[in-house]
Amino acid sequence: MLHKMKLQQKPFDSIKTGQKTIEMRLNDEKRRLINIGDEIEFTCVVGGEKLQVSVCGLVQFDSFDTLYNTFNKRVLGYDDDEVANPTDMSKYYSIDEQKGYGVLAIVIKLI
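A brief structural summary. Each residue is numbered by its place in its chain's sequence as written, counting from 1. Only residues with pLDDT of at least 70 are given local features in this predicted model, and only at 80 or more are side-chain atom pairs given and counted; all residues enter the totals for whole chains, interfaces and linings. Side-chain descriptors were evaluated using all non-hydrogen atoms of the structure, hydrogens and water having been removed beforehand.

1. What about helix H1 (residues 9–16)?
- By the burial criterion, the buried members of H1 are Phe 12, Ser 14 and Ile 15. Seen end-on, H1 carries its buried residues on one side only, within an arc spanning 160°.
- Between two residues, a contact is recorded if the distance between any of their heavy atoms is within 4.5 Å. By the criteria applied, helices consist of DSSP H or I runs no shorter than four residues and strands consist of E runs no shorter than two, each listed in order from the N terminus. As for H1, its buried residues are in contact with strand S1 (2–7), strand S2 (22–26), strand S3 (39–44), strand S4 (50–61) and strand S5 (103–110).
- Looking one or two places after H1, you find Gly 18, whose phi comes out positive at around 90°. Only protein chains enter the calculation, and the probe is 1.4 Å; a residue is then buried if its accessible area is under 20% of its type maximum, exposed if over 50%, and partly exposed in between. To obtain the arc, one takes the directions from the helix axis to the C-beta atoms.

Okay, structure coming up:
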């Protein structure tokens, strides 16, 4: 199955270079349809460039705090000189949404 998602420029570029291998999302109804072996087409919100990845794994968490503490910041798309802060995700998903749905680490591989 092919899923379509949008990404900001920085995470899009990080996936494109192969650095970012974990996509973080709310574990809402749309994400619960994703299965290992599916593909995701990411569209960059700046310019509309597209890239396709394969889903290699799915890991559910109660919060982005736990997710961030589980993975190395580079695979989440952060550079070595950046601070990986789970509150960065609050600009996309409210605390209530995170508590209601939980969050999902989608392990991806560029194809």
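Next comes the rest of the description.
2. Notes on the pairing of S3
- Extensive coverage of S3 is indicated by the burial of five of its six residues.
- Here a strand pair is declared whenever DSSP counts at least two bridges between the two strands. Both S1 and S3 contribute to a ladder of six bridges, which runs parallel. Paired with Leu 2 across the two strands is Glu 39, which belongs to S3.
- Sheet topology note: the S3/S4 ladder contains five bridges and is antiparallel. When the bridges of S4 are listed, Glu 41 appears paired with Gln 52.
- What sits between the antiparallel neighbours S3 and S4 is a turn of five residues, in which Gly 47 has the positive phi angle 95°.

3. Observations regarding the environment of Leu 33
- For Leu 33, the position within the fold is in the loop between S2 and S3.
- Given the relative accessible area of 52%, Leu 33 is considered exposed.
- For the pair Leu 33 and His 3, spaced 30 residues apart in the sequence, the C-alpha separation amounts to 8.8 Å.
- Among residues more than four places away in sequence, those in contact with Leu 33 are Met 1, His 3 and Asp 38.

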